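Spelled out from the first residue to the last, the chains are:
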Amino acid sequence: MNDKHAIHTTISTDALRVLERYEKELGAKNTVLERALLGMDKLRFKEKIDIQTISRMIKRIKVGIPGVDDLLEGGIPEGFVVIVTGPPGTGKTTFSLQFLIEGLRNNEKCIYFSFEEKAEHLIKQSMRFGWDIGNYMDKGYLEIFGFTMLSTEEIIEIFDVFKPKRIVFDSLNTFFEIGDFRRSPQWRNILKQIRERKIACLAITEKKHGLDVKEFDEFDFMGDGAIFFDKGQRHDLDPYPTYYLQIQKMRITKINEMPHPFIFTDKGLELIGSKTLVSRLSPTPIH
Ligand SMILES: Nc1ncnc2c1ncn2[C@@H]1O[C@H](COP(=O)(O)OP(=O)(O)O)[C@@H](O)[C@H]1O
Ligand SMILES: [Mg+2]
């Protein structure tokens, strides 16, 4: 140990080496550099604490699809826009409705901006899974808005009045030109509002290809997260396709990027292998 700097128990070995080199070159003590290095080390120390504190501070919104939250450290961070993408008929709308149902069951206000399907279709689709969305609409917790009749200003006004915790856009392709999307002032405005109001947002986009094609569009790059939906026969003899979802991206979250098979149950979607599925399929244990 160099006794000249014995006092610096808080300076790291690396910093001490830099200080010594400079002092040797200058032939004198350099108190400014010494202080700067001390500050730098403190910062590094602070950063270590902050990473842990920050992850504890992030509020996550449970997606509510059995198995999915386990892949996301508990859910989607609030204020995030998550792209739900894939070819048609792969479960994107069902997934997004189920995400709202989870919120509605916790008395959160939710909005479905349906630019693709009529409200009646969504209600009918929901009934299949026992989700009485008409009841939530009557109680004032759920709103379904059609697309073409709304401007950006109107959407923001709806946020103001309704104060939703969760929203879904189905789909962005019908609302925005993909080429100009990221630069679109309308979208930037909506995005800003979502972040400021800490809303959790699923934004559905359509793909012409499945998971086997590694091609990304403007929407994928913009999202704080992206979940890709697909289906396909696992082998030629399979009579039915298997449905999959893959979490491709989720900022500030450690993710499992495997494609996960899921099924349609009478209660909605469920990942194969999720805890509830296992407990529902296995016999009740005898004590
Ligand atoms: N038990 C089921 N209940 C409802 N839909 C099912 C079921 N099994 C398979 N499907 C299929 O899943 C698809 C669900 O579509 P949807 O969630 O609307 O997908 P997307 O929004 O990706 O087009 C439909 O094409 C439907 O035929
Ligand atoms: Mg759909």
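Residues numbered from 1 in each chain as written. Chains lettered and ligands numbered in written order. Predicted model: local features only at pLDDT ≥ 70, side-chain atom pairs only at ≥ 80, totals over all residues.

A. The overall build of the protein, seen in detail. If you tally the helices and strands in the protein, you get 9 helices and 11 strands. Taking all 287 residues of the protein together, 33% fall into the buried category. Across the protein, the fraction of contacts at a sequence separation of at least 24, relative to all contacts at a separation of at least 6, is 68%. (Helix = DSSP H or I, 4+ residues; strand = E, 2+ residues; numbered from the N terminus. Buried ≥ 20, exposed ≤ 12 C-beta atoms within 10 Å, placed from the backbone. Contact = placed C-beta atoms within 7 Å.)

B. View of the site of ligand 1. Looking at ligand 1, the residues that line it are P88, G89, T90, G91, K92, T93, T94, R128, F229 and F264. Split into classes, the residues belonging to the shell around ligand 1 amount to 3 nonpolar, 5 polar and 2 charged. (Near = placed C-beta within 6 Å. Nonpolar A, V, L, I, M, F, W, Y, C, P; charged D, E, K, R; others polar.)

C. Region of interest: unusual backbone geometry. With an omega of -5°, the peptide bond running from D170 to S171 counts as cis. As for its placement among the helices and strands, S171 is situated in the loop between β6 (166-170) and α7 (185-196). One non-glycine residue, I252, lies in the positive phi region at around 45°. Counting through the fold element by element, I252 comes out in the loop between β9 (242-250) and β10 (260-265).

D. Region of interest: the sheet that holds strand β5 (residues 142-146). If you walk across this open sheet you meet the 9 strands as β5-β4-β6-β7-β3-β8-β9-β10-β11, and the pairing is mixed. At either end of the open sheet lies a strand with only one pairing partner, and these are β5 and β11 (268-271). Recorded for the sheet is a direction-independent mean angle of 25° between the axes of neighbouring strands. Relative to strand β7 (residues 200-206), strand β3 (residues 81-86) runs parallel, the two being bridged by 6 bridges. Within the sheet, the bridge partner assigned to V82 lies in β7 and is L202. Sitting on the sheet, helix α3 (residues 92-105) touches β3, β4 (110-114), β5, β6, β7, β8 (225-232) and β11, and the angle it makes with β6 is about 165°. (Pairing = 2+ DSSP bridges. Axes fitted to C-alpha atoms, helices over the stretch in contact; angles between N-to-C directions.)

E. Inspection of the packing of helix α6 (residues 152-162) against α7 at higher detail. Relative to each other, α6 and α7 sit at 10°, their axes nearing to 10 Å. Between α6 and α7, the angle is such that the two are roughly parallel. When α6 is examined against α7, the residues T152, I155, I156 and F159 are found in contact with a partner set consisting of Q186, N189, I190 and Q193. Residue classes in the contact of α6 with α7 are distributed as 4 nonpolar, 4 polar and no charged. (Parallel < 35°, antiparallel > 145°, perpendicular 65-115°, else oblique.)

F. Summary view of the nonpolar core. If you look at the biggest cluster of nonpolar residues, it comprises 59 residues, and the most contacted ones within it are V82, V84, L100, V168, C201 and A203. It is α3 that contributes the most residues to this core, 6 residues altogether. (Core = buried A, V, L, I, M, F, W, Y, C linked by C-beta atoms within 7 Å.)

G. Highlighting the pairing of β3. For β3, the tally of buried residues reaches 6 of 6 residues, placing the bulk of the element in the interior. Side chains of β3 alternate between two faces, with V81, I83 and T85 and V82, V84 and G86 buried alike. As judged from the 4 bridges shared by β3 and β8, these two strands associate in the parallel manner. From the neighbouring strand, V82 faces β8, where its bridge partner is G225.

H. Region of interest: the environment of L100. Tracing the backbone through its elements, the reader meets L100 in helix α3. In this structure L100 comes out as buried when scored by C-beta crowding, with 30 C-beta atoms within 10 Å. Measuring from C-alpha to C-alpha, the distance between L100 and V168 comes to 8.0 Å, with 68 residues separating the pair along the chain. Leaving out residues up to four positions away in the same chain, L100 has contacts with C110, Y112, L142, R166 and V168.

I. View of the confidence of the model for the protein. For the protein, mean pLDDT is 83; residues scoring 70 or higher make up 76% of the total. Looking across the protein, the model is least confident in helix α9 (residues 275-281), with a mean pLDDT of 56, and most confident in α3, with 98. Contacts of residues 280-287 to residues separated by more than four positions or lying in other chains number 0 contacts, the stretch itself having pLDDT below 50. (pLDDT = per-residue confidence, 0-100.)

J. Main features of the pairing of β11. In this sheet, β11 lies alongside β10 in antiparallel orientation, the contact comprising 4 bridges. Each bridged residue has a counterpart across the sheet, and for F262 the counterpart in β11 is L271. The antiparallel hairpin formed by β10 and β11 contains 2 residues in its connecting segment.

K. Summary view of the environment of P164. Structurally, P164 can be placed in the loop between α6 and β6. Exposure remark for P164: the 24 C-beta atoms within 10 Å place this residue in the buried category. Taking C-alpha positions, P164 is 6.6 Å from I111, a pair spaced 53 residues apart along the chain. The residues contacting P164, other than those within four sequence positions of it, are K109, C110, I111, F159 and I199.

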